[in-house]
Amino acid sequence: MKNNVRSRREKMGLTQGELGKLTGVSRQAINAIETGKYDPSIWLAYALSKAFKCSIEEIFIFEGGEE
Amino acid sequence: MIKQNKLRKAYLIYWTVLSELYGITMLLSVPFVRNELLQIILKISSLAAIFIVPIFTYAIYKWKSRDNASTSDELEQNVLQKSSATTGLTALSLIPFLILFAFRLSEFAGYFVLGYAVIVGGVFKLGTFYYYKKY
């Protein structure tokens, strides 16, 4: 699953740690999501969408989602 | 905002108590070891575990809390789940060998149990380290 967390975070001028604090997770978790090593839970995806003020689909690109 | 938890503090207490129990158990087993060199090694390592592990565990806890939120987040839970699964699989796979060797060579049963504990504990620690590094 691809995502644009990094570009959205940078656009907002936030560090990974600051975004982590906003969403209630660690800096490492944000880094792992940005590098595509970890797919977040629906709760964290929702928290990220709230932080970025957009929908989950705008942040995460579900590959093979049309199957 | 995801709900905060106190799991990290709970882990700190759990690991400290468990390590102390390991150390005390090893110390209590020392008089029953026949080899003198092994007695000394066991005594030193158990005393070291009793005194050093709590300090070491607390230092890791403080280090993690400084960099991360004080809560244990889902990535950390994911890492712990994976390392626990790896440890469980290793522990279960080694049990037949433990039983066989403990009965077949019963005079060394204590050493086999100690070796088993070291392997299982080591797999958990290395697994946790590996998965943390992976993410």
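Residues numbered from 1 in each chain as written. Chains lettered and ligands numbered in written order. Predicted model: local features only at pLDDT ≥ 70, side-chain atom pairs only at ≥ 80, totals over all residues. Heavy atoms only, no water.

1. Side note on the overall build of chain A
Here comes step 1: For chain A, the helix and strand inventory stands at five helices and two strands.
Here comes step 2: Traced from its N-terminal end to its C-terminal end, chain A shows the element sequence β-α-α-α-α-α-β.
Here comes step 3: Whereas a compact globule of 67 residues would reach a radius of gyration of roughly 11 Å, chain A reaches 11 Å, a difference of no more than 12%.
Here comes step 4: Each principal axis of the C-alpha atoms in chain A carries an extent, and together these give about 35 × 20 × 20 Å.
Here comes step 5: Burial statistics for chain A: of 67 residues in total, 42% are counted as buried.
Here comes step 6: Once local pairs closer than 6 in sequence are excluded, the contacts in chain A between residues at least 24 apart make up 55%.
Here comes step 7: Split by element, the accessible area of chain A, about 4,000 Å² in all, is 52% carbon and sulfur. (Helix = DSSP H or I, 4+ residues; strand = E, 2+ residues; numbered from the N terminus. Rg over C-alpha atoms; globule rule 2.2 N^0.38 Å. Buried < 20%, exposed > 50% of the residue type's maximum accessible area, 1.4 Å probe, protein only. Contact = heavy atoms within 4.5 Å. Areas by Shrake-Rupley, 256 points an atom, 1.4 Å probe, with all protein chains shown as cover.)

2. Considerations on the packing of helix α3 (residues 74–104) of chain B against helix α4 (residues 109–134) of chain B
All names here are of chain B.
Here comes step 1: Where α3 meets α4, the closest approach of the two axes is 8 Å, and the angle between their N-to-C directions is 160°. Regarding the angle of α3 to α4, the classification is roughly antiparallel. Crossing angle aside, the handedness with which α3 passes α4 is right-handed.
Here comes step 2: Per-class residue counts for the contact of α3 with α4 are 18 nonpolar, seven polar and three charged. (Axes fitted to C-alpha atoms, helices over the stretch in contact; angles between N-to-C directions. Parallel < 35°, antiparallel > 145°, perpendicular 65-115°, else oblique. Left-handed = near helix turned anticlockwise from the far one by under 90°. Nonpolar A, V, L, I, M, F, W, Y, C, P; charged D, E, K, R; others polar.)

3. A word on the pattern of salt bridges
Here comes step 1: Taken as a whole, this structure holds three salt bridges over all chains when the rule is applied.
Here comes step 2: Across the salt bridge formed by A:E34 and A:R6, the nearest N and O atoms sit 3.0 Å from each other. Residue A:E34 is located in helix α3 (residues 27–34), and its partner A:R6 is located in helix α1 (residues 5–11); the two are separated by 28 residues in the primary sequence.
Here comes step 3: With a relative accessible area of 12%, A:E34 lands in the buried category.
Here comes step 4: When the shortest N-O distance is used, the salt bridge between B:E76 and B:R8 registers 2.5 Å. Here B:E76, found in helix α3, pairs with B:R8, found in helix α1 (residues 7–29); they are 68 residues apart in sequence, far enough to count as distant.
Here comes step 5: On the basis of relative accessibility, which here comes to 5%, the residue B:E76 falls in the buried class. (Salt bridge = Lys/Arg side-chain N within 4 Å of Asp/Glu carboxyl O.)

4. Considering the packing of aromatic side chains
Residue and element names in this part refer to chain B.
Here comes step 1: Counted by the stated rule, this structure contains seven aromatic pairs over all chains.
Here comes step 2: A ring pair is formed by Y130 and Y131, whose centres lie 5.0 Å apart and whose planes are at 70°; its orientation type is edge-to-face.
Here comes step 3: For Y131, a relative accessible area of 15% translates into the label buried.
Here comes step 4: Aromatic rings pair up to connect Y14, W15 and F124 into one cluster.
Here comes step 5: Stacked on the ring of W15, the Lys or Arg K125 has its end atom at 5.0 Å from the ring centre. (Phe/Tyr/Trp six-rings, centres within 6.5 Å; stacked < 30°, edge-to-face > 60°. Lys NZ or Arg CZ within 6 Å of the ring centre and 35° of its normal.)

5. A few points about α3(B)
All names here are of chain B.
Here comes step 1: Look at α3: 44 Å from first C-alpha to last across 31 residues, which is about the 45 Å you get at 1.5 Å a residue.
Here comes step 2: At I95, α3 is deflected by roughly 35°, the largest bend along its length, and proline P96 occurs up to four residues later in sequence.
Here comes step 3: Of all the positions in α3, only E74, L75, E76, N78, V79, L80, S83, T87, A91, L98 and A102 are classed as buried. (Expected span 1.5 Å × (residues − 1). Bend = angle between axes of the 7 residues up to and from the residue.)

6. Some words on the nonpolar core
Across soluble globular proteins, nonpolar side chains show a tendency to be buried alongside one another.
Here comes step 1: Formed by 23 residues in total, the largest nonpolar core has its most connected members in A:V5, A:L19, A:I33, A:L48, A:F52, A:I59 and A:F60.
Here comes step 2: Every element with two or more residues in this core is listed here: α3, α4 (42–52) and α5 (56–59) of chain A together with α3 of chain B.
Here comes step 3: Broken down by element, the residue count for this core peaks at six residues, all from α4(A).
Here comes step 4: Those residues in contact with A:F60 that sit more than four places away from it in its chain are A:M1, A:K2, A:N3, A:V5, A:I33, A:P40, A:A45 and A:L48. (Core = buried A, V, L, I, M, F, W, Y, C linked by side-chain atoms within 4.5 Å.)

7. Some details on unusual backbone geometry
Residue and element names in this part refer to chain A.
Here comes step 1: In the Ramachandran plot, K53 falls in the positive-phi region, its phi being about 55° despite a non-glycine side chain.
Here comes step 2: Tracing the chain through its elements places K53 in the loop between α4 and α5.
Here comes step 3: Since its relative accessible area comes to 72%, K53 is described here as exposed.

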